[in-house]
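Geometric and topological summary
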Amino acid sequence: MTGVWLPLAATALAATLTYVCCIRPMRRHEGCSPVAPERTKQSVDEEIRRAREELRLLRAQSAVRTDPVAAPERGPETIRP
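None of the values given here were measured: they were computed from a predicted structure.

About the thresholds
- Residues numbered from 1 in each chain as written.
- Predicted model: local features only at pLDDT ≥ 70, side-chain atom pairs only at ≥ 80, totals over all residues.
- Heavy atoms only, no water.
- Helix = DSSP H or I, 4+ residues; strand = E, 2+ residues; numbered from the N terminus.
- Areas by Shrake-Rupley, 256 points an atom, 1.4 Å probe, with all protein chains shown as cover.
- Salt bridge = Lys/Arg side-chain N within 4 Å of Asp/Glu carboxyl O.
- Buried < 20%, exposed > 50% of the residue type's maximum accessible area, 1.4 Å probe, protein only.
- Patch = residues over 30% accessible without salt bridge, like charges linked within 9 Å, V, L, I, M, F, W, Y side chains within 5 Å.

1. Quick notes on the overall build of the protein chain
- Secondary structure assignment for the protein chain yields 2 helices and 0 strands.
- Counting every atom, the protein chain has about 8,200 Å² of accessible surface; 63% of that belongs to carbon and sulfur.

Shown next, in the form of structure tokens:
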């Protein structure tokens, strides 16, 4: 019976710490994570512009890789002993 008290005490301590550190602040709307920045029309437009630029660059890189004119032709590879 004495071997049961230590695991029970550890479980109770873990539950108490979880409540105090996580659940109670969330119930008070003080969550553990920082508040997300406010999104404005300008910030959304800037994010869209950056995403479009990144997509354009990725498409350009993909076109260079698949373009047979831009990529040098490789002959059959030989296996050397």
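Moving on, there is more to tell.
2. Looking at the pattern of salt bridges
- Across all of its chains, the model carries 4 salt bridges by this definition.
- A salt bridge links Arg49 to Glu46, with the shortest nitrogen-to-oxygen separation between them at 2.6 Å. Pair noted here: Arg49 and Glu46 are both in helix H2 (residues 41-66), with a separation of 3 residues, about one helical turn.
- Relative accessible area serves as the criterion here: at 46%, Arg49 is assigned to the partly exposed category.
- Among the residues examined, Glu46 registers a relative accessible area of 32% and is labelled partly exposed.

3. Some thoughts on a nonpolar patch on the surface
- Where nonpolar side chains cluster on the molecular surface, the patch consists of Tyr19, Val20, Ile23 and Met26 and spans about 340 Å² of accessible area.
- The residue Tyr19 is located in helix H1 (residues 2-27) in this model.
- Residue Tyr19 is classed as partly exposed on the basis of its relative accessible area, which comes to 37%.

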